[in-house]
Amino acid sequence: MVRRHGAWLANLLIGYCFWVNPVVANEAIEAGGMRFLAPSTSAHSASDQAASVEQTLSADDHRQRAYQYARDWLESAAPDATVLAYPSALTQDYLDNGFSLLWTQDAARDELATQVNVISLASFSPEFEWRAWQLRQLRQQGSDTAYDIFATDTAYALMSYLDAVSDKGMRWFFGSLHHTPLPEPSESQRASFFQAGLGPALPAFLRKLRPQHPQYTALIKQIVRLQRQARSVWPSVTSDGLIYPDQAVAIPLALNLVDNLRVQGYWGDSQRLEALDGKTVQYGGDLLDAVKRFQSQHGLSVDGIIGPSTLKWLNLDASARIRLLALNAERLRLWPQQQPDRIVVNIPDYRMRLWANDQNVFESKVVVGRQSRRTPLFSSRLDSVVLNPSWNVPRSIVQKDILPKLVDGHEYLSQHQYRILPNWQSDTQIDPSSIDWQKVSVDGFPYRLQQAPGRGNALGKYKFNTPNRNAIYLHDTPAQSLFSRSRRAFSSGCIRVEQAEQLADLLLDLSGKQLTDYQYYIDKTQTKWVPLKKRLAVQTIYQTAWVTDEGELAFRDDVYAYDVPAKRKITTQEPSYLTQQRHSVQMQAQ
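Residues numbered from 1 in each chain as written. Predicted model: local features only at pLDDT ≥ 70, side-chain atom pairs only at ≥ 80, totals over all residues. Heavy atoms only, no water.

Within the chain, the regular secondary structure consists of 18 helices and 21 strands. Across the chain, every contact between residues at least 6 apart in sequence was considered, and the portion connecting residues at least 24 apart equals 70%. (Helix = DSSP H or I, 4+ residues; strand = E, 2+ residues; numbered from the N terminus. Contact = heavy atoms within 4.5 Å.)

In structure tokens, the structure reads:
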């Protein structure tokens, strides 16, 4: 194990303390993580016991002096005494482990830098931006001891960050800043880290801190590729109007478009432009195919028309794309571990996928909540399929959507097969004509509305029950025309499934049942709850960038504006809360 002269000198001074004032004893005691010897108290006189107390205090004094030597070593060897977030823990841990340097393997240094850089590039943590910069500077300077101390401090911050993700990740990864101190990792976490660092296992220890999802590694590779492109000028594409297929376009515009598509991997050496004359080319052939492929990978309408949405994505440069990849890589830390049988709904992709035995066996377009009524991120289990469901209208929809339509009359209720109930525990219907709708208060409506099964029911023929505190579930819909749109955020929060009948058939099949077994209920438009033996995990996620199975980057519009970074200045200075923490420690020392 490599050690610097400062570590050797600190060890020598600690040993000298014990040599000039040794503790003569025959019984071991433990104090502050170090092993000391103290005399046995059995069969001794009172004077011997007094001497024992004096010697015990002397041992405690040795421990304090040893700790002070270790703290002096840390502060002299560290790159700057102001930049350590966990000086007390570092002092004790390096002292307990003989001042051994841990970061002697390039693989460990690379893994730490990778994870810290990804957090930094996601642009929500000023602390990790500063740490990424400091690690690069210290590694370039070649100061092993200074790097070692700061890298360990950063590893502690990373472990603490991971512990906090389950509680704070929903804010950090969706528009808020990480701007408060991360607590010190537990003693057991630090002990495990040092155990790995004192042997060859540190790289493996750090790799376990990654999100255990194949997308993380895939996104990192794409970040590295884009970082090379960020050093060059990103070709911009501008147009005063829409560009349609087969339209004649000016050669400069066509060349800019080709350069842009080439940088992004959509144009190869074998592809050609179709010249019309010396000033224009035809927007068709290879160029049109490349644009359509680009539109597909960005979730746009694949019509070849170059309008504002396509131009926006064409002109999103490498740096902006890197931030999106890093942000989505960190979001992977939020999603539950992948299970072999699961349904995943990616909200910005407007698509759901079903895995059985870890194989993707079904997928469908979906409609999700509009901006004002967002589909939440949740995890649940799909426990039953409801055939011909009735719809218990949520109070928020009653207040916002239905009651305003009843001011001039209650005909809307009968036209859409709504019935009025006193509460959800009663089937007794209330005659709409018995209510004075002019006096009904939106906020004080005392009744419940339920839509009967059948044609026009908002849930269609199938409801897929997923118990959760948000009362969100998947269901069929009579509004099938919405699935033809590329942007499908229209619901009040629940998830409408285009291929709902195929999904019902598959779920029943996985539970050893057949949809045809319930044909009677389907034909009679009678509600039937069918419990499932195989209850698949269901999760909604929010990924606006990922790598496809073919190894290509895919991006989606940020429908809920979760990708928008908080406004602030990028800096390589230590966060203010660490500066305040340092000042507080200095005042206590005085």
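As a further point, take helix 11 (residues 285–297). If you check helix 11, its first and last C-alpha atoms are 19 Å apart, about what 13 residues at 1.5 Å a residue would give, namely 18 Å. Among the residues of helix 11, L287, L288, A290, V291, F294, Q295 and Q297 are the ones counted as buried. The inward-facing, buried residues of helix 11 abut helix 10 (251–263), helix 12 (308–314), helix 13 (318–331) and strand 21 (553–555). G299 sits one or two positions beyond helix 11 and adopts a positive phi of about 70°. (Expected span 1.5 Å × (residues − 1). Buried < 20%, exposed > 50% of the residue type's maximum accessible area, 1.4 Å probe, protein only.)

Moving on, we get to the packing of helix 10 against helix 11. At a closest axis distance of 11 Å, the pairing of helix 10 and helix 11 adopts a crossing angle of 50°. One element, helix 10, and the other, helix 11, form an angle in the oblique class. As for how helix 10 packs across helix 11, the hand of that crossing is left-handed. Between helix 10 and helix 11, the contacting residues are L257, V258 and L261 on the first element and L287, A290, V291 and F294 on the second. Within the contact of helix 10 with helix 11, the residues separate by chemical class into 7 nonpolar, no polar and no charged. (Axes fitted to C-alpha atoms, helices over the stretch in contact; angles between N-to-C directions. Parallel < 35°, antiparallel > 145°, perpendicular 65-115°, else oblique. Left-handed = near helix turned anticlockwise from the far one by under 90°. Nonpolar A, V, L, I, M, F, W, Y, C, P; charged D, E, K, R; others polar.)

Turning to the environment of L314, a few remarks are in order. Relative to the assigned elements, L314 resides in helix 12. Taking relative accessible area as the criterion, L314 reaches 1% and is therefore assigned buried. C-alpha of L314 to C-alpha of Q295: the two residues are 19 residues apart in sequence and 9.5 Å apart in space. Here L314 is in contact with W234, L257, N260, L261, Q264, F294 and R321, once residues within four sequence places are set aside.

With that out of the way, let us pick up the sheet that holds strand 4 (residues 274–275). Strand order in the open sheet formed by 3 strands is 3-5-4, with antiparallel pairing between adjacent strands. With one partner strand each, in any of the chains shown, strand 3 (248–250) and strand 4 form the two edges of the open sheet. Strand direction decides the pairing type here: strand 3 and strand 5 (residues 280–282), joined by 3 bridges, are antiparallel. Bridge assignment links A248 to a residue of strand 5, and that residue is Q282. Along the sheet, helix 10 makes contact with strand 3 and strand 5, crossing strand 3 at roughly 85°. (Pairing = 2+ DSSP bridges.)

A few words on the side chain of E330. Topologically, E330 is positioned in helix 13. Judged by relative accessible area, E330 falls into the buried class, the value being 0%.

Looking now at the confidence of the model for the chain. Detailed reading of predicted coordinates is not advised where the pLDDT is low. Averaged over every residue, the pLDDT of the chain is 87; residues scoring 70 or more account for 87%. Across residues 1–10, confidence stays below pLDDT 50; counting only partners more than four residues off in sequence or on other chains, it has 20 contacts. Low pLDDT, under 50, characterises residues 12–46; the predicted model gives this stretch 53 contacts beyond four residues in sequence or across chains. (pLDDT = per-residue confidence, 0-100.)

Across a regular strand the side chains alternate sides, sitting on one face of the sheet and then on the other. By the bridge criterion, 6 bridges tie strand 7 (residues 351–356) to strand 8 (residues 359–369) in an arrangement that is antiparallel. Within strand 8, the position partnered with R351 by the bridge is K365. Hairpin remark: strand 7 followed by strand 8, antiparallel, with 2 residues in the connecting loop; positive phi at N357, about 55°. Bridge analysis of strand 8 against strand 16 (residues 489–491) gives 2 bridges, and the strand direction is parallel.

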